[in-house]
Amino acid sequence: MRFRQIPIEQVDWAALDKYEDRTPEQRKPWLDYLTAVGAGKPVVAMLEDRGSELGWFTGMRKTIVGVPVLGSPLKGYNTTYMGLNLVPGVSRTQALRALSRFAIFDQKCAYLELSDVYCDPECARGAGYEVVSSGGFVTDLHLPEEELFNRMTSACRRCIRKAEKVGLVVEEAKPDGFAAEFHAQLTDVFAHQGLKPTYSEERVAKLIEHVHPSGELLLLRARTDSGQSIATGIFYGFGKYSGFWGNGSIRSMLQLRPNQAIHWYALRYWKARGVRWHHWGGGGEYKEAYGPDALSYCRQFKSAIPGLAKLRKPAIDTYYAIRTWHTRLRG
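Not measured: the values here are computed from a predicted model.

A. Molecular detail of the packing of helix α2 (residues 28-36) against helix α8 (residues 201-211). As a packed pair, α2 and α8 sit with axes 8 Å apart at the nearest point and diverge in direction by 150 degrees. Judged by the angle between their axes, α2 and α8 are roughly antiparallel. The two elements α2 and α8 cross, and the hand of that crossing is right-handed. Facing α2, whose interface residues are P29, W30, D32, Y33 and A36, α8 presents R203, K206, L207, H210 and V211.

B. Local environment of the packing of aromatic side chains. Throughout the structure, instances matching the rule amount to 13 aromatic pairs. When the ring of F3 is compared with that of F57, the centres are 6.4 Å apart and the planes differ by 75 degrees; the resulting orientation is edge-to-face. Within this pair, whereas F3 is found in strand β1 (residues 2-5), its partner F57 is found in strand β3 (residues 52-64), the two being separated by 54 residues in sequence. Judged on exposure class, the residue F3 and its partner F57 are both buried. Consider the rings of W30 and Y33, whose centres lie 5.5 Å apart with planes at 80 degrees: the pair is edge-to-face. One end of the pair is W30 and the other is Y33, both in helix α2 and three residues apart, which spans about a single turn. Using a relative accessible area of 1% as the deciding quantity, one classes W30 as buried. Under the relative-accessibility criterion, Y33 is labelled buried at 0%. An aromatic cluster is defined as three or more aromatic residues linked by ring pairs; in this entry it consists of F178, F182, Y199 and W245. Above the ring of Y269, the side-chain terminus of R273 is found at 3.5 Å from the ring centroid. Above the ring of Y129, the side-chain terminus of K302 is found at 5.2 Å from the ring centroid.

C. Up close: the pairing of strand β11 (residues 241-249). Along β11, nine of the nine residues are buried, which leaves the element largely enclosed by surrounding structure. Turn length for the strand β10 (residues 229-238)-β11 hairpin, with the two strands adjacent in sequence and antiparallel, is two residues, and the turn residue G239 shows positive phi of about 60 degrees. Handedness of the β11-helix α9 (residues 258-272)-strand β12 (residues 277-279) crossover: right-handed.

D. Structural detail: α2. Within α2, burial applies to P29, W30, L31, Y33 and L34. At its buried positions, α2 is contacted by α1 (13-16), β2 (41-49), β3, α8, β10 and β11. One or two positions beyond α2, positive phi appears at G38, with a value near 85 degrees.

E. Focus on the environment of Y286. Here Y286 is to be found in the loop between β12 and β13 (293-303). Given a relative accessible area of 45%, Y286 falls into the partly exposed group. Along the primary structure Y286 and C156 are separated by 130 residues, whereas in three dimensions their C-alpha atoms are 9.7 Å apart.

F. Layout of the nonpolar core. Counting residues in hydrophobic clusters, the biggest one holds 34 residues, and the most contacted among them are L34, I234 and W245. Where this core is concerned, the elements lending two or more residues are α1, α2, β2, β3, α7 (178-191), α8, β9 (217-223) and β10. If one sorts the elements of this core by residue count, α7 sits on top with five residues. When near neighbours in sequence (up to four residues on either side) are disregarded, I234 contacts F178, F182, V204, L207, L217, L218, L219, F244, W245 and G246. Counting residues in each nonpolar core, the second largest holds 30 residues, with C156, A222, F235 and F244 among its members.

G. Spatial organisation of empty space enclosed by the protein. Scanning the model with the defined rule gives three cavities of 30 Å³ or more in all. The calculated volume of the largest cavity comes to roughly 60 Å³. The wall of the largest cavity is formed by T23, P24, E25, T80, Y81, Y236, Y241, S242, G243 and H279. Of the residues in the lining of the largest cavity, the class split is four nonpolar, five polar and one charged. By volume, the second largest cavity amounts to about 40 Å³. For the second largest cavity, the full set of lining residues is L34, A39, M60, G71, P73, L74 and Y77. Of the residues that constitute the lining of the second largest cavity, the class distribution is six nonpolar, one polar and no charged.

Rules of the game
- Residues numbered from 1 in each chain as written.
- Predicted model: local features only at pLDDT ≥ 70, side-chain atom pairs only at ≥ 80, totals over all residues.
- Heavy atoms only, no water.
- Axes fitted to C-alpha atoms, helices over the stretch in contact; angles between N-to-C directions.
- Helix = DSSP H or I, 4+ residues; strand = E, 2+ residues; numbered from the N terminus.
- Parallel < 35°, antiparallel > 145°, perpendicular 65-115°, else oblique.
- Left-handed = near helix turned anticlockwise from the far one by under 90°.
- Contact = heavy atoms within 4.5 Å.
- Phe/Tyr/Trp six-rings, centres within 6.5 Å; stacked < 30°, edge-to-face > 60°.
- Buried < 20%, exposed > 50% of the residue type's maximum accessible area, 1.4 Å probe, protein only.
- Lys NZ or Arg CZ within 6 Å of the ring centre and 35° of its normal.
- Pairing = 2+ DSSP bridges.
- Right-handed = clockwise from strand over helix to strand, strands pointing away.
- Core = buried A, V, L, I, M, F, W, Y, C linked by side-chain atoms within 4.5 Å.
- 1 Å grid on protein atoms, 1.4 Å probe; cavity = no way out; pocket = protein on both sides within 12 Å on 5 of 7 lines; lining within 4 Å.
- Points joined across faces, edges and corners; volume = space filled by probe spheres on them.
- Nonpolar A, V, L, I, M, F, W, Y, C, P; charged D, E, K, R; others polar.

As structure tokens, this is what we get:
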């Protein structure tokens, strides 16, 4: 088994999108977004064995503080799952071994990181990777709509009913001006904690610019009966998967329950389009109110420099500590 990089202009995207384990973040519109926000250059490689196609890898190559890295994805770019697409029956452990050789010897990278919802920890460790387990939530949208609603907490259901009762309307928004509206409301959410948003309005604008034309980005807005916008949400989906990207709201209007109404609209929207799994984008106690199932997945690391992967956690901890201190100081 070996990976062979395919030039971006020669990739048969339609063929890749037929893989059952394909995620929205592996598709070209999302790679264009990542390129636009400085996440690196896209790398797409075919896994083959004696001329037979066994699968694909999708990721981004970038140099960070002088170290060339290959991320699928790297943290910090609002992207959850990438990793591998494999033909049924292909060993993921063997594919990961081939990927580490590709990253180190073909791409000349000192560090490789993946977040692949299909890879279990033992599989990654068997391929020689270091592993960090992560948790999140996922909703099975193949359940009947009534069951989806009843799985929510009684408080969440009351919030959705209240939003309807007070005349709140959730609408699918057009892209023009949405990034500024969303980011202003997101800023209001963070201000309550004395913080600033972790990403800029420009990043939101680039996401909309590159992904919305594909039909895979859902922009939602909640309006009062007087027409005022009090909350917004961004969701994405393709094939079997949809996901929650982010939402903002006006704190003084939360008693009308716009966030709950937006999430309920999004669940029904993706269900109607045949999506199976709705991912909630990591942890957060408030997400449990919507009745999802717990999800366990792992991030996998491989380094050509001894000890480099072990620096990841302290580096991330330091980054968040500095960011929190800096944003509170600015506030």
